[in-house]
Amino acid sequence: MSRAEKETTISYVHGDDEIHIRSWDKHLNAAIRKLKADEPETVWIMETDEPGFLWAAVKCGHLTFRTVRTPSDRSRAEMSEAGKQHTGNLKHQKQKAPP
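Computed from a predicted model, the values in this text were never measured in an experiment.

Reading guide: rules and limits
Residues numbered from 1 in each chain as written. Predicted model: local features only at pLDDT ≥ 70, side-chain atom pairs only at ≥ 80, totals over all residues. Heavy atoms only, no water. Helix = DSSP H or I, 4+ residues; strand = E, 2+ residues; numbered from the N terminus. Buried < 20%, exposed > 50% of the residue type's maximum accessible area, 1.4 Å probe, protein only. Contact = heavy atoms within 4.5 Å. Areas by Shrake-Rupley, 256 points an atom, 1.4 Å probe, with all protein chains shown as cover. Core = buried A, V, L, I, M, F, W, Y, C linked by side-chain atoms within 4.5 Å.

### Some remarks on the overall build of the protein
- Within the protein, the regular secondary structure consists of 3 helices and 4 strands.
- The order of α-helices and β-strands along the protein, N terminus first, is β-β-α-β-β-α-α.
- Looking at the protein as a whole, 16% of its 99 residues qualify as buried.
- Taking the contacts inside the protein whose residues are at least 6 apart along the sequence as the reference set, 42% of them involve residues at least 24 apart.
- Total accessible area on the protein stands at roughly 8,500 Å², and carbon and sulfur atoms take up 53% of it.

Here you go:
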């Protein structure tokens, strides 16, 4: 299967009260299935034969989106430097406790 076929697609028809989701993302699929278990009247899961694929419709009031920015080169360098400063903590975790 090509990469384009395995991407998550989220669609919303203006004026409709549900969001349609076609997803291969296991975390998103797990969250939708948990919502289905908690509030069965808010999620409709369409039948699919492919493992790992979820096609669902969720009522608009029960789904929120969060935008995550990709870190810039500068912030990646800063995070890397901060991690290098604290590598001593990791060395202690690998050692066994004295008897």
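So much for the structure itself; the text now carries on.
### Examining the nonpolar core
- Of all hydrophobic cores here, the largest spans 9 residues; its members are Ile 19, Ile 21, Ile 32, Leu 35, Val 43, Leu 54, Ala 56, Val 58 and Leu 63.
- Elements with a contribution of two residues or more to this core: strand 2 (18-23), helix 1 (26-38) and strand 4 (54-59).
- For this core, the leading source of residues is strand 4, giving 3 residues.
- Contacts of Ile 21, omitting those with residues within four sequence positions, involve Thr 9, Ile 10, Leu 28, Ile 32, Leu 54, Trp 55, Ala 56, Val 58 and Leu 63.

### Some words on the side chain of Asn 29
- With respect to the secondary-structure elements, Asn 29 resides in helix 1.
- Under the relative-accessibility criterion, Asn 29 is labelled buried at 6%.
- Excluding its chain neighbours within four sequence positions, the residues that come into contact with Asn 29 are Ser 23, Trp 24, Gly 52, Phe 53 and Leu 54.

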